[in-house]
Amino acid sequence: MAPSTPRTKKKEATAPGSLSESLRALETIVQWFGAQDAVDLEEALQKTRQGAALITSIRGRITDIENEFRDLEKEMQKPL
């Protein structure tokens, strides 16, 4: 039980709730990298980890949304 608590806190800290919030957060990280003349490696590593967590979250949410659309499509194809 204790190991899941830190994982949940980390996810909350790195992955905002909605898909659009996650995409904005990822864009902020991408812009940070683009704005650097000299990259602090430790900060870059932290940002890369945050970005990886966001990408994982975004992929999962997109899969969920696709599944919801498929379910709706199947529901709409049922005879009345």
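So, here's what we can say about the structure. (Residues numbered from 1 in each chain as written. Predicted model: local features only at pLDDT ≥ 70, side-chain atom pairs only at ≥ 80, totals over all residues. Heavy atoms only, no water.)

**Considerations on the overall build of the chain**
Part 1: When its secondary structure is counted, the chain shows three helices and zero strands.
Part 2: Ordered by position in the sequence, the α and β elements of the chain form the string α-α-α.
Part 3: Scored against the burial criterion, the 80 residues of the chain give a buried share of 15%.
Part 4: Within the structure as shown, the chain displays about 6,700 Å² of accessible surface, and the carbon and sulfur contribution to it stands at 57%. (Helix = DSSP H or I, 4+ residues; strand = E, 2+ residues; numbered from the N terminus. Buried < 20%, exposed > 50% of the residue type's maximum accessible area, 1.4 Å probe, protein only. Areas by Shrake-Rupley, 256 points an atom, 1.4 Å probe, with all protein chains shown as cover.)

**Looking at the pattern of salt bridges**
Where charged atoms from two side chains of opposite charge come close, those side chains can pair.
Part 1: Per the stated rule, a full pass over the model turns up two salt bridges.
Part 2: With its nearest N and O atoms 3.5 Å apart, the salt bridge here joins Glu68 to Arg61.
Part 3: Under the relative-accessibility criterion, Glu68 is labelled partly exposed at 44%.
Part 4: For Arg61, a relative accessible area of 33% translates into the label partly exposed.
Part 5: Its salt-bridge partner being Glu75, residue Lys78 comes within 3.4 Å of it at the nearest N-O pair. (Salt bridge = Lys/Arg side-chain N within 4 Å of Asp/Glu carboxyl O.)

**Quick word on the packing of aromatic side chains**
Here a ring pair, both rings aromatic, is described through the centre-centre distance and the interplanar angle of the planes.
Part 1: This model, assessed by the stated rule, comprises one aromatic pair.
Part 2: An angle of 85° between the planes, with centres 4.9 Å apart, marks the rings of Trp32 and Phe33 as edge-to-face. (Phe/Tyr/Trp six-rings, centres within 6.5 Å; stacked < 30°, edge-to-face > 60°.)

**Re helix α3 (residues 41-77)**
Part 1: Along its 37 residues, α3 runs 53 Å from first to last C-alpha, staying within 8% of the 54 Å computed at 1.5 Å per residue.
Part 2: Regarding α3, the residues found buried are Ala44, Lys47, Gly51, Leu54, Ser57 and Ile58.
Part 3: Where α3 begins, one side-chain oxygen reaches toward the backbone nitrogen of Glu42, 2.9 Å away; that side chain belongs to Asp40. (Expected span 1.5 Å × (residues − 1). Polar contact = N/O pair within 3.5 Å; in protein donor to acceptor, adjacent residues only side chain to side chain.)

**Points about the packing of helix α2 (residues 19-35) against α3**
Part 1: Between α2 and α3, the least distance of the axes is 9 Å, while the angle of their chain directions is 150°. By the angle class used here, α2 and α3 are roughly antiparallel. When you trace α2 past α3, the crossing you get is left-handed.
Part 2: Grouping the constituent residues of the contact of α2 with α3 by class yields 13 nonpolar, five polar and three charged. (Axes fitted to C-alpha atoms, helices over the stretch in contact; angles between N-to-C directions. Parallel < 35°, antiparallel > 145°, perpendicular 65-115°, else oblique. Left-handed = near helix turned anticlockwise from the far one by under 90°. Nonpolar A, V, L, I, M, F, W, Y, C, P; charged D, E, K, R; others polar.)

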